[in-house]
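Per-entry structural report
Spelled out, the chains give:
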Amino acid sequence: MALSQTLRVVASKKLFNINTSLIARHSSIWSNVEMGPPDAILGVTEAFKKDTNPKKMNLGVGAYRDDQGKPFILPTVRKAEKIIFESGLDHEYATIIGTPDFCKASALLAFGDNSSAVQNNLNATVQGISGTGSLRIGGSFFAKWYTKSKDFYIPSPSWGNHTPIFKHSGLNVKSYRYYDPGTCGFDFKGAVEDISKIPEGGVVVLHACAHNPTGVDPKPEQWKEICQVMKDKKLFPFFDMAYQGFASGDINKDAFAVRHFLEQGHQIALCQSYAKNMGLYGERAGAFTIVCGSAEEKERVMSQIKIIIRPMYSNPPIHGARLVSTILNTPDLRSEWLKDVKGMADRIISMRTQLQDNLKKEGSSHNWQHITDQIGMFCFTGLKPDQVERLTKDFSIYLTKDGRISVAGIASSNVAYLAHAIHQVSK
Amino acid sequence: MGPPDAILGVTEAFKKDTNPKKMNLGVGAYRDDQGKPFILPTVRKAEKIIFESGLDHEYATIIGTPDFCKASALLAFGDNSSAVQNNLNATVQGISGTGSLRIGGSFFAKWYTKSKDFYIPSPSWGNHTPIFKHSGLNVKSYRYYDPGTCGFDFKGAVEDISKIPEGGVVVLHACAHNPTGVDPKPEQWKEICQVMKDKKLFPFFDMAYQGFASGDINKDAFAVRHFLEQGHQIALCQSYAKNMGLYGERAGAFTIVCGSAEEKERVMSQIKIIIRPMYSNPPIHGARLVSTILNTPDLRSEWLKDVKGMADRIISMRTQLQDNLKKEGSSHNWQHITDQIGMFCFTGLKPDQVERLTKDFSIYLTKDGRISVAGIASSNVAYLAHAIHQVSK
């Protein structure tokens, strides 16, 4: 067939009515754009969805599931939704920083109802787009205004998204020892050694509770020592608290480190998320706080945080914040919420116990003590990448390559299957 | 201490004023004829549907739900859009218009190798410049508003656009230009489109008012659809803040129209990599409301009436303001009040006159003389005309 005939046939078979020669000319606009790797964590869920094995388990993304493996809508959230729906509120813009009700309630939740920092108006608290958005605001603020250092030290390992968030904010990301693969526990000695060596002014990122991905938390006495070392070395504590209430079941216990550092005189930064402890994942409710030295300083800091937020997204999403605010500021709902969150924490602790027991039953010779020593959403199994691959390929169990499982994704009905599979790949 | 945001700062100042005659003509949020926020009946119905279905609050994907993204693309490009049929549109949910612009700016800064220059109209929305600068781009401008006519400087715009080096990105307000309310006529859009094809420039549309400008979603999307039909591979930012009254719910979308479905996959993968370290995934509630409305035929038809109702009230306020200025005996030509379209009117008032409007009459507007027509009501349009006449006679 002559070339012109071929082209005509091809062109007539094409679906689009756009001038095809123009498309051909312009199709090189994005030819340089490479296919990016799928997000490590969220990519796991995408792969899980495509799997047809009825026994499949999604232990990838850290979202709580009830004992039937279903998303859990907290009863208090449902009640708050009803209140909000029936009040027929409008959808007007919040301010750039969110509503005062939400911000104040968040600060008091983190710092305690009797917080002197809040009473003295020292906290520059803004609504952020859940934890990630709060971290990004924080990173951008520090990159612009924290002149002492551009180095952010994160624990090794840390949540996978910490590094890109801080890098995109314009910071250098370094690390300090944290997880001890030998014990599957906290490398306290290594952490203190590394933190002690950080040059004055360096920023140390601390997971306030329920460390992600390991589930390994410092004990209170260890927190006290880290706090002291950081005071002596004049380092900046930057807390990431995504699991308050969700770790131990007790919001005050989970906030111990944050409150201790404040009491000891540190001016901290704090990122909070309501994704897990209120099950508000997609509503994107979170907060970012900088505790300042005076109310006057707080005003200046607030003004600059606004200037960072405005060209990012102007003002935050209102729905999740309204749910949070309704719950935290209505005494009955607040008490009920504390029970809801304890219920979730208790179920997770129960799954840890059952997983450990089932591994014993399977006859595993490994020491699985860390499963119940660790706390919160995740468990760092200690499995190697090739074992993880086998778990997925042979058993349709989906988890991240670092061996992290979301305990919240385990149910009574499949904990035995999980133990069996883990034993198979690790015996 | 940073300067307060020019636009949002106006509302903060307004709230502190105790004058009962005060008027907030600052931020572009629609108000009904009682000066109250307007909850669209269709939005209320969608809220009921969502509340009663007891949906969970799980994460959307990084890019939002497919229902929302597809509906947004079809709304912009038309239900018979061949770009959408051929899977050429890389469409993601963004945090309303601002968030979509930021995703776009960051994507271009990283992947658009031909140029780092973004040309915005003069004047443009105040937040455009910081958004693009923070994304890592150079912000330049082209002539747009003619203060002599309070209209479109078509000749100046075409001249300036023609001089942009090949590959430059031209930011275009699809309809209801913010802050001036001055839009090109369809024939003028066609010529701009041709010039940009000849000069190989990239059209980057910001459409925050589809439906809200003329009351007709198809008419308001004319420029966007014409550029596509003419073979441009455009970028587009959409917002549902105004046309669905969903301001604080932060529902919007960002689209890049690609040359092939394969290219679209690569582009999508890189957009995700930009979003993840910003905020991980978008807020679901607003998107659910939008998706429910656009994908439920009855609600969609009703919504089109709601949005036309808002546009009609604004057009009516423009007419009344113009009439009242005549009655006041103003000798100025106020034709531009009804020539301009959408939320805003560029009054042509100077900064000192604006200051007097605020100080002497408690009328709040931005320093550039921009008023939000949506903030005018039957009960105060005469007061506004009186005040404008006082500071400008």
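Residues numbered from 1 in each chain as written. Chains lettered and ligands numbered in written order. Predicted model: local features only at pLDDT ≥ 70, side-chain atom pairs only at ≥ 80, totals over all residues. Heavy atoms only, no water.

Moving on, we get to the overall build of chain B. A count of helical and extended segments in chain B gives 16 helices and 13 strands. Taking the principal axes of its C-alpha atoms as reference, chain B extends roughly 65 × 55 × 45 Å. By the burial criterion, 65% of the 393 residues in chain B qualify as buried. Counting only contacts in chain B whose residues sit at least 6 apart along the sequence, the fraction spanning at least 24 positions is 76%. Here chain B has roughly 14000 Å² of accessible surface; of this, 53% comes from carbon and sulfur atoms. Once the 46 positive and 40 negative side-chain charges of chain B are each reduced to a mean point, those two points are 3 Å apart. (Helix = DSSP H or I, 4+ residues; strand = E, 2+ residues; numbered from the N terminus. Buried < 20%, exposed > 50% of the residue type's maximum accessible area, 1.4 Å probe, protein only. Contact = heavy atoms within 4.5 Å. Areas by Shrake-Rupley, 256 points an atom, 1.4 Å probe, with all protein chains shown as cover. Lys, Arg positive; Asp, Glu negative; His and termini not counted. Charge placed at Lys NZ, Arg CZ, Asp CG, Glu CD.)

What follows covers the sheet that holds strand β3 (residues 151-156) of chain A. All names here are of chain A. Pairing is mixed in the open sheet, where 7 strands are placed in the order β2-β10-β9-β8-β7-β3-β4. Of all strands in the sheet, those with a lone pairing partner are β2 (123-129) and β4 (172-177), marking the two edges. Neighbour-to-neighbour, the strand axes of this sheet turn through a mean angle of 25 degrees, independent of strand direction. With 7 bridges joining them, β2 and strand β10 (residues 285-291) adopt antiparallel strand pairing. For Thr125, the partnering residue across the bridge sits in β10 and is Thr289. Where helix α8 (residues 162-169) meets the sheet, it contacts β3, β4, β7 (203-207) and β8 (236-241), and its direction lies at approximately 175 degrees from that of β3. Of the strands in this sheet, β4 and β7 touch helix α9 (residues 188-196), which is tilted by about 140 degrees from β4. (Pairing = 2+ DSSP bridges. Axes fitted to C-alpha atoms, helices over the stretch in contact; angles between N-to-C directions.)

Its 12 residues place the ends of helix α12 (residues 284-295) of chain B 16 Å apart at the C-alpha level, agreeing with the 16 Å of an ideal helix rising 1.5 Å per residue. Across the 12 residues that make up α12 of chain B, a large majority, 10, are buried. Every buried residue of α12 of chain B is accounted for by Ile284, His285, Gly286, Ala287, Leu289, Val290, Ser291, Thr292, Ile293 and Leu294 of chain B. Residues of α12 of chain B that are buried make contact with α14 (318-329) of chain A together with α2 (41-53), α3 (66-77), β2 (89-95), β10 (251-257) and α13 (297-328) of chain B. (Expected span 1.5 Å × (residues − 1).)

In the structure shown here, the tally under the stated rule is 55 aromatic pairs over all chains. A centroid spacing of 5.1 Å and a plane angle of 45 degrees characterise the contact between Phe142 of chain A and Tyr146 of chain A, whose relative ring orientation is tilted. Here Phe142 of chain A and Tyr146 of chain A have matching classes, each one buried. Taking 5.0 Å as the distance between ring centres and 90 degrees as the angle between the ring planes, the aromatic pair formed by Phe205 of chain B and Phe227 of chain B counts as edge-to-face. Taken together, the residues Phe205 of chain B in strand β8 (residues 202-207) and Phe227 of chain B in helix α10 (residues 222-229) connect sequence positions 22 residues apart. There is no split in this pair, since Phe205 of chain B and Phe227 of chain B are both buried. Three or more aromatic residues joined by ring pairs form one cluster here, namely Trp30 of chain A together with Phe107, Phe108, Tyr112, Phe118, Phe132, Phe202, Phe204 and Phe254 of chain B. Here Arg78 of chain A stacks its cationic end above the ring of Phe51 of chain B, 4.6 Å away from the centre of that ring. For Arg44 of chain B, the ring lying beneath its charged end belongs to Phe85 of chain A, and the centroid distance is 4.6 Å. (Phe/Tyr/Trp six-rings, centres within 6.5 Å; stacked < 30°, edge-to-face > 60°. Lys NZ or Arg CZ within 6 Å of the ring centre and 35° of its normal.)

What follows deals with unusual backbone geometry. Residue and element names in this part refer to chain B. The peptide bond linking Ser122 to Pro123 adopts the cis configuration, its omega dihedral lying at 5 degrees. In this fold, Pro123 is placed in the loop between β3 (117-122) and α6 (128-135). Of note, the bond from Asn178 into Pro179 is cis; its omega dihedral lies within 30 degrees of zero at 20 degrees. Along the chain, Pro179 falls in the loop between β7 (169-173) and α8 (186-198). A positive phi angle, near 60 degrees, is found at Asn87, a position not held by glycine. Its place among the elements puts Asn87 in the loop between α4 (82-85) and β2. Here the phi dihedral of Ala176 falls at roughly 50 degrees; this positive angle occurs in a residue that is not glycine. Counting through the fold element by element, Ala176 comes out in the loop between β7 and α8. Under the relative-accessibility criterion, Ala176 is labelled buried at 2%.

For the rest of this paragraph, the subject is the side chain of His266 of chain A. Here His266 of chain A lies in the loop between α12 (256-263) and β9 (269-273). If we ignore the near neighbours within four places in the chain, the residues touching His266 of chain A are Cys227, Met230, Lys231, Leu235, Pro237 and Phe261 of chain A.

What follows is about the UniProt feature "domain: Aminotransferase class I/classII large" (unreviewed entry) in chain A. Mapped onto the present numbering, the UniProt feature "domain: Aminotransferase class I/classII large" (unreviewed entry) falls at residues 55-422 of chain A. Helix makes up 47% of residues 55-422 of chain A and strand 15%. Its end C-alpha atoms lie 14 Å apart. (UniProt positions renumbered as here; feature names shortened; annotations may be inferred.)

The next subject is the environment of Met278 of chain A. Residue and element names in this part refer to chain A. By secondary structure assignment, the location of Met278 is in the loop between β9 and β10. When the C-alpha positions of Met278 and Trp368 are compared, they lie 30 Å apart, and in sequence the two are 90 residues distant. Setting aside residues up to four positions removed in sequence, Met278 forms contacts with Leu74, Val77, Val324, Ile327, Leu328 and Trp337.

Listed as interface residues are 73 residues of chain A and, on the opposing side, 77 residues of chain B. Where chain A abuts chain B, roughly 6900 Å² becomes buried across the two surfaces, and 59% of that area is made up of carbon and sulfur atoms. The largest contributions to the chain A side of the interface with chain B come from Trp30, Phe85 and His91 of chain A, which together make up 14% of the buried area. Taken together, the connections running from chain A to chain B amount to 2 salt bridges. (Buried area = accessible area lost by both parts, 1.4 Å probe. Salt bridge = Lys/Arg side-chain N within 4 Å of Asp/Glu carboxyl O.)

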